[in-house]
Structure formats: structure tokens, C-alpha cells
Amino acid sequence: MDVSGVLEAHKQKFKSVSVEGKVIPLEFDLGLLTAYDQNPIDEAELRKNKDEYLQSLSRDNAQLLFNEIFQLPTISDDNGVMAMLPVPTTLLPREKPLPKPKPETRWEKFAKAKGIVNRKKERMVFDDNTGEYKPRWGYKGINDDGSKDWVIEVPSGTNPMEDQYEARRDAKKERIDKNDKRRQRNLEEGAVASKMDQKTVNKGERPNMDNARSMKRKEIENQILISKNSTASAGKFDDAIKGDLKPKGIKRKFEPNVTADLSKEKAGNMSILDRVVGKNGEDLVNVRKAIKATKSRK
Amino acid sequence: MRPLTELETKTFFEKLAKYIGRNITHLIDRGDETYCFRLHRDRVYYVSESVMRKATSVGRDQLISLGICFGKFTKTGKFRMHVTCLEYIAQYAKHKVWIKPNGEMPFLYGNHVVKAHIGRVTEDTPEHQGVIVYSMTDVPLGFGVTARSTSDTRKMEPTAIVVFHQADIGEYLRQEDTLF
């Protein structure tokens, strides 16, 4: 029995998987399931029957993309056979701008100078007393500084009537306050330094913190001077405070008296004159006078 | 002694332009020698370059005057013209007033010019225009500002003021010590 006729008819129903006639081969980015066709469009064909041409073009390109995908390594799963897509090669622009670099804290600066590197420590540590793993810090952590001890030995040389639990609580609170103060100082210094060192920040680098302290001082002095001038009399009738800052006056600056050539000054004067009198000067004809003259002639 | 700042030059030129208009160009750009404006103790001096260069060797406190004094800046920043500049603005004046011999004396004593004393006026002078006052023999006597336009003066009484006094050559005697 000859089935070649039937096979041929069946084959005719589908289009060929191989696409020909592409002068420039397509570029693929299979990670994003994308193909780029750089070939020029046949304009005559496009004008003649637009839809048909575009459909066939996209069909061909889709076929080429699927051909590529079918050559990828595959894995079989319960869900079927799947192709492993490579990592995308096309760089897509970031949606949001890069975050501004954070200014260095004092500790970071010190650690960098000393070469101290932060070691990664596990979050959970073994607690010998309970025989359990507990967080290093935070809720149910082990850093409660013994405030949960059921008995505390009174240290020698202290008042025996003093509440040692309270003393520990106070000490902890003090440490927290101190740390908070330093954090605040870091924030202020960082803000001032990044304001003063905009060039570096714009480059996407950390601002120069070398003289953050003097910068902060200057900033505060500026603010004091502004606040002093912000009274109803612009600071004129305010009582002078001893050791108060004196505002530095703005130095007036004048052109040099004698220059090698006075033509520059002359040109400057001329341009001012143009502005004062008007570029074209007064009208060549005195219009009112002219009107009067013609009227009287009549 | 220093050159004028831009703002000072502007106020100065605005006042000067009331009298000579665009003819200020002839003061800045002269054919014979380079002249410049210099400020010294609030006064504006019109001085040739060579004299100005020589004057730089005189101390600020010792320098009394140089060139021609055109006027001075008041403490509120306005500019007031002195009679010493009369020679220059009379050359380039746009509007002039001639006064009769009987009106010369009152004007030179610092009074305004009344209509009765007017001999001749430049035709079509507008209101509040800087004018140079001449005697009938064409000697510049001073300058002032018109109170009314020429056409309006015709209807006025003979005793009405026509030109407000600004400066006159009598000041050479009256204000001898502060003028230069």
C-alpha cells in the first residue's frame, strides 16, 4: 500500500519549520524569549497587502524563535518536557535611580583605619542554662544582661541596700541613650558632609567625612547667624551676647582702577548706555514736532 | 578713586541722559584722548586717562579732586549733578532755554525761572525735561528742569515758574568749598 500520497497531503497542511530568505540572521535573547529581526522590510509588499505581509513575517520570526528554543537542553518532569532558558543577555534599564550612597559613620571610619572587618555571626546561639538555642539579641534573646537572674550577688564596696536589678536596668538604659546620641551625631554629620560634598555624592560615592565635624560647626554657625538676623529689626536692636559670633561682612569688589587698556571699561559703559537710552537711541525724527510742522503748513 | 560699578553707572547715565540723551557717547568715546569716569569720595569725575594714571600715585586722603566733577552720589544712592559739568552738557544739550537780561540775576541767585524772564525756548520741549539755561548772548548760565511743556507755557501767567532751578554758575561763589 502506498501511503506516500497521504503523507504528502498531511505535510501540505502544515508550513515548513525551516525559514529561508533572511539576509541578516536574527538575534536571540532566549532568556527573555525575544528575537530581533534586523532585516529591512519589503516596502512594496507592505504597501500592497499589509496584513498578509506582516502576518507572514511575524510567523516566520516566531518559527525561528521556536526553532532556537527547541535546541535548548530540556528536563522532563511530571508536567511534561521543559526547556532550560539561559540567562537574559539584554540589559534592561533600572526603574528607579540608584540609591544615594550612605555617609560613613564614625565607627565605619575607625574600623576602616584599623582594618577591622565585620565577621558574620550566627543568629542563634546555644544557651547552657536552658539547653536550647536562643537568639543572640532581641526578643527572647540572651543579651538581657542578667536582668532575669533570680538572685544577684551584691558587689563588694557598694551599698548593700541598693537594688541591683534597678542598677542593671539603669546601666542598660544609659548605654542605649549613649548609642542613640552617637547615632544622631552620625546622622547630622553625614547630612552636612553630603550637602557640602555634593560632587562626590553625585558621582555615586560616599561623601568625604574627613572634616565632617568642622563642616557641622560651620553649618551651625551659619544657622545661628541667620537666626540672629531673623528678628523684626533684622538683629539691629538685639542685646549683644558676650562671645557671640560676629557676621563676616560681604567684601565689596570693584573693577581695577588702572588697566593696561581702558577699552574694556569703555565698552562696558557703552553697553550700559544702550540699556539706559535704548539700543537705537532716541528717534531720529521727533514725531510730535513733525506732526505739528505738517499741520501748520496746511 | 575707583571706576563706577554697573549700578552707579546706570544711575549716573540716567540723570545725564535727561540733559544730553544719547550724546553721552561723545563723552565716552572722544576723538582726542581716552576719557573715563572715576568715583572719588562719592563724587564722579570726568578725567582723561593720563591725568587719572598720574592721580593714582596720590593717596586717597590727600587727593582732593581730579578732572571735572560731574556731580555726586547722595547717601540714598541718587545722583546729583553739579554746575561744574555745565561746559560738557551745554555742548551736547538737546533742549535749551534763553533768558532775558533782567532774568539773569534772579536765576544766578538760585531762583527758578519764571515765564516773564524767558526769551526763547527750544520748540517742543516736553514736561520735566532737563534743559540748559542760556543768557540771550548764548552764555550758558546753568541748567534746570521744565515745569510744563512748551505748548502749555503759552497759557500760563507771567509769574508762573517755567524752569525749576537745578544748578547755576553762581554756585561757583556760593558753594565754593563743596563744589569740586
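Residues numbered from 1 in each chain as written. Chains lettered and ligands numbered in written order. Predicted model: local features only at pLDDT ≥ 70, side-chain atom pairs only at ≥ 80, totals over all residues. Heavy atoms only, no water.

When helices and strands are counted, chain B shows seven helices and 11 strands. Of all 180 residues assigned to chain B, the portion counted as buried reaches 49%. Pairs at least 24 apart in sequence give 57% of the contacts found in chain B among residues at least 6 apart. For chain B, the exposed surface amounts to about 8900 Å²; the carbon and sulfur share of it is 51%. (Helix = DSSP H or I, 4+ residues; strand = E, 2+ residues; numbered from the N terminus. Buried < 20%, exposed > 50% of the residue type's maximum accessible area, 1.4 Å probe, protein only. Contact = heavy atoms within 4.5 Å. Areas by Shrake-Rupley, 256 points an atom, 1.4 Å probe, with all protein chains shown as cover.)

Next up on the list: the packing of helix 5 (residues 164–196) of chain A against helix 7 (residues 212–228) of chain A. Residues and elements named next belong to chain A. Running from N to C, helix 5 and helix 7 point in directions that differ by 85 degrees, and their axes come no closer than 9 Å. One way to sum up the angle between helix 5 and helix 7 is to call them roughly perpendicular. Residues Arg-185, Glu-188, Glu-189, Val-192, Ala-193, Lys-195 and Met-196 of helix 5 form the contact with helix 7, whose own contacting residues are Ala-212, Arg-213, Met-215, Lys-216 and Glu-219. Residue composition of the contact of helix 5 with helix 7, grouped by class: five nonpolar, no polar and seven charged. (Axes fitted to C-alpha atoms, helices over the stretch in contact; angles between N-to-C directions. Parallel < 35°, antiparallel > 145°, perpendicular 65-115°, else oblique. Nonpolar A, V, L, I, M, F, W, Y, C, P; charged D, E, K, R; others polar.)

The next subject is a positive patch on the surface. Residues and elements named next belong to chain B. Residues Lys-72, Lys-75, Lys-78 and Arg-80 make up a contiguous surface patch of positive charge. Counting through the fold element by element, Lys-72 comes out in strand 4 (residues 68–73). In this structure Lys-72 comes out as partly exposed when scored by relative accessible area, which is 31%. (Patch = residues over 30% accessible without salt bridge, like charges linked within 9 Å, V, L, I, M, F, W, Y side chains within 5 Å. Salt bridge = Lys/Arg side-chain N within 4 Å of Asp/Glu carboxyl O. Lys, Arg positive; Asp, Glu negative; His and termini not counted. Charge placed at Lys NZ, Arg CZ, Asp CG, Glu CD.)

Chain A puts 26 residues into the contact, and the matching count from chain B is 28 residues. Taken over both partners, the interface formed by chain A and chain B buries close to 2500 Å², and the fraction arising from carbon and sulfur atoms is 59%. Summed over the shared surface of chain A and chain B, the result is four salt bridges. Between B:Arg22 and A:Asp274 there is a salt bridge, with the nearest N and O atoms lying 2.8 Å from each other. Where chain A packs against chain B, one counts seven residue pairs in polar contact (both at pLDDT 80 or more). Those elements that provide at least two residues to the side of chain A that touches chain B are helix 8 (263–277) and helix 9 (287–297) of chain A. In the side of chain A that touches chain B, the residues fall into 10 nonpolar, six polar and 10 charged. (Buried area = accessible area lost by both parts, 1.4 Å probe. Polar contact = N/O pair within 3.5 Å; in protein donor to acceptor, adjacent residues only side chain to side chain.)

All right, on to the state of the cysteines then. Residues and elements named next belong to chain B. The full count for this structure, using the stated rule, is zero disulfides over all chains. As a non-bridged cysteine, Cys-69 has Cys-85 as the owner of its nearest cysteine sulfur, 8.3 Å distant. Judged by relative accessible area, which is 3%, Cys-69 ranks as buried. (Disulfide = S-S within 2.5 Å.)

What follows is about the sheet that holds strand 2 (residues 35–40) of chain B. Residues and elements named next belong to chain B. Strand order across the open sheet formed by five strands is 1-2-3-4-5, with antiparallel pairing between neighbours. Looking at the sheet topology across the chains shown, the edges are occupied by strand 1 (2–3) and strand 5 (79–81). Bridge count for strand 2 against strand 3 (residues 43–48) is six bridges, and the pairing is antiparallel. Among the inter-strand pairings, Leu-39 is bridged to a residue of strand 3, identified as Val-44. Strands strand 1, strand 2, strand 3, strand 4 and strand 5 of the sheet are contacted by helix 1 (residues 6–20), whose axis makes an angle of about 40 degrees with strand 5. (Pairing = 2+ DSSP bridges.)

Attention shifts here to the sheet that holds strand 9 (residues 130–135) of chain B. Note: strands within a sheet are paired through backbone hydrogen bonds, in either parallel or antiparallel orientation. Residue and element names in this part refer to chain B. Spatial strand order, 7-11-10-9-6-8: six strands in an open sheet with mixed pairing. If you trace the sheet from one side to the other, it starts and ends with strand 7 (113–114) and strand 8 (118–121), each paired once. Examined bridge by bridge, strand 6 (residues 96–99) and strand 8 share three bridges and lie antiparallel to one another. Within the sheet, the bridge partner assigned to Trp-98 lies in strand 8 and is Arg-120. Each of strand 9, strand 10 (140–146) and strand 11 (161–168) touches helix 1; the most contacted strand, strand 9, lies at about 50 degrees to it. Packing against the sheet, helix 5 (residues 101–108) makes contact with strand 6, strand 7, strand 9, strand 10 and strand 11, and its axis sits at approximately 75 degrees to strand 10.

In this section: the nonpolar core. Residues and elements named next belong to chain B. Phe-12, Leu-16, Phe-37, Phe-70, Ile-89, Ile-132 and Phe-143 are the most contacted members of the largest nonpolar core, which has 36 residues in total. The biggest single contributor to this core is helix 1, with five residues. Excluding anything up to four places from it in sequence, Phe-70 contacts Phe-12, Leu-16, Leu-27, Phe-37, Val-44, Tyr-46, Phe-79, Arg-80, Met-81, His-82, Cys-85 and Tyr-88. In this structure, Ile-99, Ile-118, Val-133 and Val-163 belong to the second largest nonpolar core, which totals 13 residues. (Core = buried A, V, L, I, M, F, W, Y, C linked by side-chain atoms within 4.5 Å.)

Turning our attention to the pairing of strand 3 of chain B. Residue and element names in this part refer to chain B. Taking burial as the measure, the six residues of strand 3 include six buried ones, the bulk of the element. A two-sided burial pattern is seen for strand 3, the buried positions comprising Arg-43, Tyr-45 and Val-47 on one face and Val-44, Tyr-46 and Ser-48 on the other. In this sheet, strand 4 lies alongside strand 3 in antiparallel orientation, the contact comprising four bridges. Within the sheet, the bridge partner assigned to Val-44 lies in strand 4 and is Gly-71.

Turning our attention to the environment of A:Pro101. Mapped onto the elements of the fold, A:Pro101 is located in the loop between strand 4 (80–83) and helix 4 (106–114). A:Pro101 has contacts with A:Val201, A:Gly204, A:Glu205 and A:Arg206, leaving out every residue within four places of it along the chain.

Residue and element names in this part refer to chain B. By the element assignment, Ile-20 lies in helix 1. As for Ile-20 and Gly-130, which are separated by 110 residues in sequence, their C-alpha atoms are 8.3 Å apart. What Ile-20 contacts, discounting residues up to four positions off in sequence, is Leu-27, Ile-89, Tyr-92, Ala-93 and Lys-94.

This paragraph deals with the side chain of B:His165. Residue and element names in this part refer to chain B. Looking at the secondary structure, you find His-165 in strand 11. Exposure remark for His-165: the relative accessible area of 14% places this residue in the buried category. Within the structure, the side chain of His-165 is placed 2.4 Å from the side chain of Asp-168, a separation counted as a polar contact. Setting aside its immediate chain neighbours within four residues, His-165 contacts Phe-107, Gly-110, Asn-111, His-112, Phe-143, Gly-144, Glu-171 and Arg-174.

This part is about the environment of B:His112. Residue and element names in this part refer to chain B. Along the chain, the position of His-112 falls in the loop between helix 5 and strand 7. When the C-alpha positions of His-112 and Val-145 are compared, they lie 9.6 Å apart, and in sequence the two are 33 residues distant. Those residues within four positions of His-112 in sequence are excluded, and the remaining contacts are Ile-161, Val-163, Phe-164 and His-165. At 2.8 Å, the side chain of His-112 and the backbone nitrogen of His-165 are in polar contact.

Purely spatial values, then, with no claim about function.
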